[in-house]
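Examining the three-dimensional arrangement
Read off the chains here:
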Amino acid sequence: MTSTQAEIDRSQLGTLSVLAWIGDPSEGHDIPYLLAYTLGDGPQGREAGEKAARGLLEEIGLPIGDVVMDGTRNPAAFPVQIMLADNQVALTLPGLNATCTAPAEWVAAANESGQAYFLFATRAWPEAVPGEPVAPETLQEFAGDEAVLTGSAHCVLSVRRLQ
């Protein structure tokens, strides 16, 4: 017997945001990171948005926790895609798209490695408003939080470029 899962209501996610950064190159840590998160401003509030985020990740086959999926083996078939055009990063998931402007060092690191480490946080982050700068300490506090990390999907993705 098989069962099917009801499709999640993506509108419950609210605003989907993306943030690009790299580690400290002076410490040999120049991995380009891309973080997707919701603001928790969906029509039924933060809790419903976080539940919708978990449902979306389950629906597209991305485990939440400490498993890192390798999206570089067959990038065209992987459910998450990154496209880079100049310093604009476009993130595509089934039924969702988001963009952000990446700093020059992120673009350089992505161009050099051809990859990025992607996290999709199920915890809402209303303080990180799109278009507003995020202080390094604020980013570290959120992205380095163990509960955020264990409540996120993790992938290594190929960075594709607009031809």
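Scope of this entry: the structure provided in the associated data block. (Residues numbered from 1 in each chain as written. Predicted model: local features only at pLDDT ≥ 70, side-chain atom pairs only at ≥ 80, totals over all residues. Heavy atoms only, no water.)

Notes on the pattern of salt bridges
Scanning the model with the defined rule gives three salt bridges in all. Put simply, Arg-73 and Asp-70 hold a salt bridge, and the shortest N to O gap is 3.3 Å. Classification of Arg-73 by relative accessible area gives exposed; the value is 74%. Residue Asp-70 is classed as partly exposed on the basis of its relative accessible area, which comes to 35%. Taking the shortest distance from any N to any O, the salt bridge between Arg-123 and Asp-145 comes out at 3.6 Å. With Arg-123 in the loop between strand E7 (115-121) and helix H3 (136-143) and Asp-145 in the loop between H3 and helix H4 (146-150), the pair connects residues that are 22 residues apart, well separated along the chain. The exposure class assigned to Arg-123 is partly exposed, which follows from its relative accessible area of 30%. (Salt bridge = Lys/Arg side-chain N within 4 Å of Asp/Glu carboxyl O. Buried < 20%, exposed > 50% of the residue type's maximum accessible area, 1.4 Å probe, protein only. Helix = DSSP H or I, 4+ residues; strand = E, 2+ residues; numbered from the N terminus.)

Considerations on helix H2 (residues 104-113)
Every buried residue belonging to H2 is among Trp-106, Val-107, Ala-109 and Ala-110, and all of these are buried. The buried side chains of H2 occupy one side of the element, clustering within an arc of 165° when seen end-on. In H2, the exposed residues that point more than 90 degrees away from the buried face are Ala-104 and Glu-112. Buried residues along H2 sit against strand E1 (16-22), strand E2 (32-38), strand E4 (81-85), strand E5 (88-93), E7 and strand E8 (152-161). Phi for Gly-114, located one or two positions after H2, is positive at around 75°. (Arc of directions from axis to C-beta. Contact = heavy atoms within 4.5 Å.)

Some details on the environment of Val-68
Inspection of the secondary structure puts Val-68 in strand E3 (residues 68-70). Distance in space between the C-alpha atoms of Val-68 and Pro-130 is 26 Å, their sequence separation being 62 residues. Val-68 has contacts with Tyr-117, His-154, Cys-155 and Val-156, leaving out every residue within four places of it along the chain.

Looking at the pairing of E4
Along a regular strand, successive side chains alternate from one face of the sheet to the other. Here E4 runs beside E5; their pairing, made up of five bridges, is antiparallel. Looking across to E5, one finds that Met-83 is bridged to Ala-90. Once E4 ends, the chain turns through two residues before running back antiparallel as E5, passing Asp-86 with a positive phi of about 55°. Relative to E8, E4 runs parallel, the two being bridged by three bridges. Paired with Met-83 across the bridge in E8 is Arg-160. (Pairing = 2+ DSSP bridges.)

What to know about the side chain of Ser-17
Its location among the elements puts Ser-17 in strand E1. Here Ser-17 falls in the buried class, since its relative accessible area comes to 4%. Ignoring any residue separated from it by four or fewer positions in sequence, one finds Ser-17 in contact with Leu-35, Ala-36, Tyr-37, Leu-39, Ala-128 and Pro-130.

Here we look at the side chain of Gln-81
If you trace the backbone, Gln-81 turns up in strand E4. What makes Gln-81 buried here is its relative accessible area of 14%. Polar side-chain contacts of Gln-81 include one of 2.5 Å to the backbone oxygen of Pro-75. When near neighbours in sequence (up to four residues on either side) are disregarded, Gln-81 contacts Pro-75, Ala-76, Ala-90, Leu-91, Thr-92 and Arg-160. (Polar contact = N/O pair within 3.5 Å; in protein donor to acceptor, adjacent residues only side chain to side chain.)

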